[in-house]
Structures are given as C-alpha cells and as structure tokens.
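Listed here are the chains, written in short residue letters.
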Amino acid sequence: MATANNDKKPHAAILTSPGMGHLIPEVELGKSLLTQHAFDVTIFLITTDLATARSQIHQQTSHLKTAPNVVELPQPDVSSKLGPDPSLLDRIVVTMTESLPSLRSFILSMKHPPSLLVVDLFGTEAIPMARDLGMQPFVFLTTSAWFSALTIHLSAMDPNQVENTHIKNREPLPIPGCEPIQFEDTLEALLDPLGPIYEGYSKVSKVINGSDGILINTWQDLEPSATKALGDSGILRRFTNGPVYPVGPLVRTLADRDTGSVHVDNKVMRWLDRQPTESVIYVSFGSGGTMSEAQIRELAWGLELSMQRFVWVVRPPIEGDASGSYFDVGIGGHGSPEYLPKGFVERTKELGLVIPMWAPQVEILGHAATGGFVTHCGWNSVLEAIFGGVAMVAWPLYSEQKMNAAMLSKELGVAVRARGEAEGGGVVGRDEIARVVRRVMVEEEGGAMRAKVKELKASAEKAVCEFGSSESLRQFRTYSRAASEAKARGA
Ligand code: UDP
C-alpha cells in the first residue's frame, strides 16, 4: 500500500504509453510538476523503442538540476496476444495491459511509493490498480479540449443514435458546449458505433470519467468553449467524477532545450541561417506518419512545383499504413532517400533540404527563416507550430488529427487544408500540394495566418506564466493534496 512520502511532498507517478507524441508531453508534465510545483516525480516508461525513448528523455531533461526519476518497465512479449496484422490501437492496448504486472510489482517494492498515478488515454487499465494500491488516479489527455470533450461525453452517447444520425445520415455529431464534429472530420473509432472499437472507446470514456481528475494539454484562450464546457460549472462537468484542468501548453520550447544534444542537427540549422525570414516551409508528419510511394512522389513534385524553400523530413514508403513509424521512430537512422523521384534532391539542392527519418522540429519551427509547416496536425506539432509562429498546411493522417485540422483551419484560421483524395485513402496530387504551399508561403492569406498564429503564441506564453495554465497545475496540486489528506483521515 502507498504510504505518504517522508517529507510530505506529493509523489506523482506518470505512466507513459508507446509513441513519442505521448512521451514528449508526459515528460514535460513531469518536469513542470517537479520543478515548479514541488512534486517528486517518477516516470514509468512503457515503450516499444527504448533507445529512442531514452534519448528523447535525455534531451528533455539532461539540462535540469534535478530530473524526474525514470523507471524503464520491461518490454512485454505481446506476440502471442496479437493476431497476424494487429491495428495500432490493439498493439498499444495489449502492450499497456501486459505491462501492468511489472508496474504493480515495482510500485510495491518502492520505499516511498507514489501518492498519485497519472495515465494517458491508453493507460486507463492501470486506474483500478492505482486505487487498489492507495494511489489517486488521474488522466492526462495529451491533446485538445475538443477531443477530450468528445472522449468524456462518449460513454453518455447512444451508439444507435450515433449510427443513425452521424454515420448513416452524415449529420454533425453534437458535443454539449462545443463545436459539433462534422462527418468528414470524425474519428475512425466512431465509424462503427455498434462495433467493438467504439465499445472499447466508450468503456475507456467511463473509466476516464471515474478518475480523480483530468489534465488536458491546452489552455483556455485557445479553446474557450470546450474548456468552459469542461470547467467546474460547465455543461460536461456532470460526467466527470473529478475536476478537469487545462494545464497546457506543455511543450518543448527553444528556451528549454539541451543545446548540446545530438539531435540539434547543425546542417539544417546552418542551412536555415542562410535563408530569408519566413521563407521556408517545414514538412513533417510527426513521429508515426508514413506515406505510400505514390504519395511521396506527388509530395516531392508538389514541393518542386511550388518553388518554395523547404525542409522535408522523409521516411521510406509504407503502403496502406499512415502510422507506419509509430512504434519505431528511427531517430538517428539516416537511410538514403532513394525512394524520392529521380533527380529530385539534385534539382532542388538550392531550394530545399531533405532530412531522413527525424529532424529537430522545435528548433526548425522556432527558426526565423521558417514561415510555414505542412503538418499531419498531431497535437504536439500544433502547439510547437504556435510557439514557432508559423502558418500551416493541415494534412491529417489518422487518430484525432482531422478534428485538429478542422480547428486550425475553420475556427482558428491559421491553416489551409490539403484537400484531395488522401483522406479517402487515395493520393493528394502535386498541383494541390503546390497550391496549398503557395497559399501559405506566398499569398496574402498566409501572412494573415502568421499574424493570427503570433497572437496565439502570445496567449500561449501568457498561459505558461503565473496566472495561466501553471495556475491550473497549482490547483491540481492543492486538490490532490487535500484529497489524499482527507483519505488519510478516513473522510
Ligand atoms: N518530432 C520531432 N522530429 C521529427 C518528427 C517529430 O522532433 O522529425 C516530434 C515533434 O516535435 C512532436 C512529436 O515528435 O513533439 C510528435 O508529436 P505529434 O503529437 O505532433 O504527433 P504524433 O507523432 O503523436 O503523431
């Protein structure tokens, strides 16, 4: 059973799930709790790519005087539990489930066990275990308040109604207090409301709602209606057991980097130093994003046709799997990009730079020469783009990215959407790619979008200061402390 730490400091355990898009903000949360809110922090690492995860954590924490304690849980052998061609979701869920026994025994062996456990969307199976071990369970949703609102509301939705209205009639899906979700932006998990994936998501929704509280990587000014709906007197609050804290933006920033890191690729930074202000578009599809050979070819041609300077993170083609590098990111891998159209690198050598596998994204987006970003709209990329003050071409691939793309283009007016057949599984053509790149980089609307992103950047910076999201973390600390003291008194 968990006992209070000797010095009465709250001790937060953070359970990560596979995928850099979760690990990165979870480490940022740990850093913030440790350095600004006087928590002890232990990060329990569940990953399928240990070398990359280690190096990422090192990059994010090595410059700190005191870093969070990191426990690498043994990687479970999940092969016998999965079918021949498991989905991304199945692999994550099974990996998390199979890691629980080692998490449990590690916590039981700790001299000063954590007083609370923070899990993400994929770690909810650890919540009953946390309660059993006397820890308060919290959930950190590493994406938008809008997606979080959907997730929280999901278990209260009638799947038959979703099937009849949203799926069959393609009507927008209402979420109380928030923008409805248009059918073309909906999640894959909602496409079959009477099927097992939807049912699993609905169960996860219930478990999240039953946790002691929910932390979301957003801030009020970015998403005023969704954060209001989730707030203490909001319309969605009745669905959750505990409060909802908008604790974002928790994001790596230039001010907080490890300048000695091996990831700061000097070649790209030196190249950017030589380019005019806001003249370069950065093209990257997150840690997991992969494309077909045909799509890579069209993208190469589209960039060339746009005649704009670019930095493009390329990965080998994978047919029929938009999240092909989710489990094995390949930082440090170089691989020569022979899959690009013949002569492309040579023809564009004055115009652009191709980086295989992985680039120092925060540094690139924060460089004065970068003015645009072709992005898959992963939430971390969105937040990093805001801090970089760049306009976006929204090119969502999977998960909740279409919702993020809709928010960026329709509500916030900081992105144009790359329309094409890609969202139906086809290929976005070169002309469309050249057109959206030019809209962002050359046309007046691109300048207007950059001006709007800079306003968002100012609001993000305000949020991380004393009276913004860090205030939410302070409230979280007070709340978790009070709840644990009440529990100790048997109240
Ligand atoms: N990232 C990076 N270099 C790359 C690709 C990705 O540093 O070449 C980082 C990016 O800065 C972000 C994270 O990986 O912090 C990706 O998270 P996001 O939520 O954008 O997308 P996901 O990978 O989860 O789809």
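Higher on the page you've got the structure.
Below you will find a few notes about this structure. The structure presented is a predicted model; accordingly, all values stated were derived computationally and were not measured.

## Focus: unusual backbone geometry
That bond from Gly248 to Pro249 is cis: its omega, 0°, falls within 30 degrees of zero. Mapped onto the elements of the fold, Pro249 is located in the loop between β7 (244–246) and α9 (266–273). Even without glycine at this site, Cys377 takes up a positive phi of about 70°. Mapped onto the elements of the fold, Cys377 is located in the loop between β11 (370–375) and α13 (379–388). Taking relative accessible area as the criterion, Cys377 reaches 0% and is therefore assigned buried.

## Structural notes on the state of the cysteines
Within this structure, the stated rule accounts for zero disulfides. Here Cys377 stays free of any disulfide, with the sulfur of Cys178 as its closest cysteine sulfur at 19 Å.

## Details of the site of the ligand
Inspection of the region around the ligand gives 19 residues, with Arg252, Ser287, Ala359, Ser381 and Glu384 positioned closest. The separation between an oxygen atom of the ligand and a polar side-chain atom of His376 is 2.8 Å. Taking Glu384, its side chain carries an N or O atom lying 2.5 Å from an oxygen atom of the ligand. For the ligand, whose free accessible area comes to 540 Å², the fraction covered by protein is 96%. Going through the elements one at a time, α1 (20–36) and α13 are the ones with two or more residues in the shell around the ligand. In terms of residue count, the dominant contributor to the shell around the ligand is α13 (four residues).

## Here we look at the packing of helix α15 (residues 430–441) against helix α16 (residues 444–464)
Taken N-terminus to C-terminus, the directions of α15 and α16 make an angle of 60°; their axes are 5 Å apart at the nearest point. On the basis of the axis angle, α15 is oblique to α16. Residues Arg439, Val440 and Met441 of α15 lie in contact with α16, whose contacting residues are Glu445, Gly446, Met449 and Arg450. For the contact of α15 with α16, the residue count by class is three nonpolar, one polar and three charged.

## Some words on helix α7 (residues 196–210)
Counted at 1.5 Å a residue, the expected span for α7 with its 15 residues is 21 Å, and the 21 Å between its end C-alpha atoms agrees. All of the buried residues in α7 are Tyr198, Tyr201, Ser202, Val204, Ser205, Ile208 and Asn209. Buried residues of α7 fall within an arc of 160° about the axis and therefore sit on the same side. Exposed residues lying more than 90 degrees from the buried face of α7 are Pro196, Lys203 and Lys206. Buried residues along α7 sit in contact with β5 (136–141), α5 (145–154), α6 (159–168) and β6 (214–216).

## Things to note about α15
Along its 12 residues, α15 runs 16 Å from first to last C-alpha, staying within 8% of the 16 Å computed at 1.5 Å per residue. For α15, the full list of buried residues reads Glu432, Ile433, Ala434, Val436, Val437, Val440 and Met441.

## Side note on the packing of aromatic side chains
Scanning all chains against the criterion turns up 10 aromatic pairs. Ring plane angle 15° and centroid distance 5.9 Å describe the contact between Phe39 and Phe476, whose orientation is recorded as stacked. On the criterion of sequence distance, the pair formed by Phe39 in the loop between α1 and β2 (40–45) and Phe476 in helix α17 (residues 469–488) is long-range, its members being 437 residues apart. A residue is classified by how much of its surface remains accessible, and Phe476, at 0% relative accessible area, is buried. Between Tyr245 and Phe476 the ring centres are 5.9 Å apart and the planes differ by 70°, which places this aromatic pair in the edge-to-face class. With Tyr245 in strand β7 and Phe476 in helix α17, the pair connects residues that are 231 residues apart, well separated along the chain.

Conventions used here
- Residues numbered from 1 in each chain as written.
- Predicted model: local features only at pLDDT ≥ 70, side-chain atom pairs only at ≥ 80, totals over all residues.
- Heavy atoms only, no water.
- Helix = DSSP H or I, 4+ residues; strand = E, 2+ residues; numbered from the N terminus.
- Buried < 20%, exposed > 50% of the residue type's maximum accessible area, 1.4 Å probe, protein only.
- Disulfide = S-S within 2.5 Å.
- Near = heavy atom within 4 Å.
- Polar contact = N/O pair within 3.5 Å; in protein donor to acceptor, adjacent residues only side chain to side chain.
- Areas by Shrake-Rupley, 256 points an atom, 1.4 Å probe, with all protein chains shown as cover.
- Axes fitted to C-alpha atoms, helices over the stretch in contact; angles between N-to-C directions.
- Parallel < 35°, antiparallel > 145°, perpendicular 65-115°, else oblique.
- Contact = heavy atoms within 4.5 Å.
- Nonpolar A, V, L, I, M, F, W, Y, C, P; charged D, E, K, R; others polar.
- Expected span 1.5 Å × (residues − 1).
- Arc of directions from axis to C-beta.
- Phe/Tyr/Trp six-rings, centres within 6.5 Å; stacked < 30°, edge-to-face > 60°.

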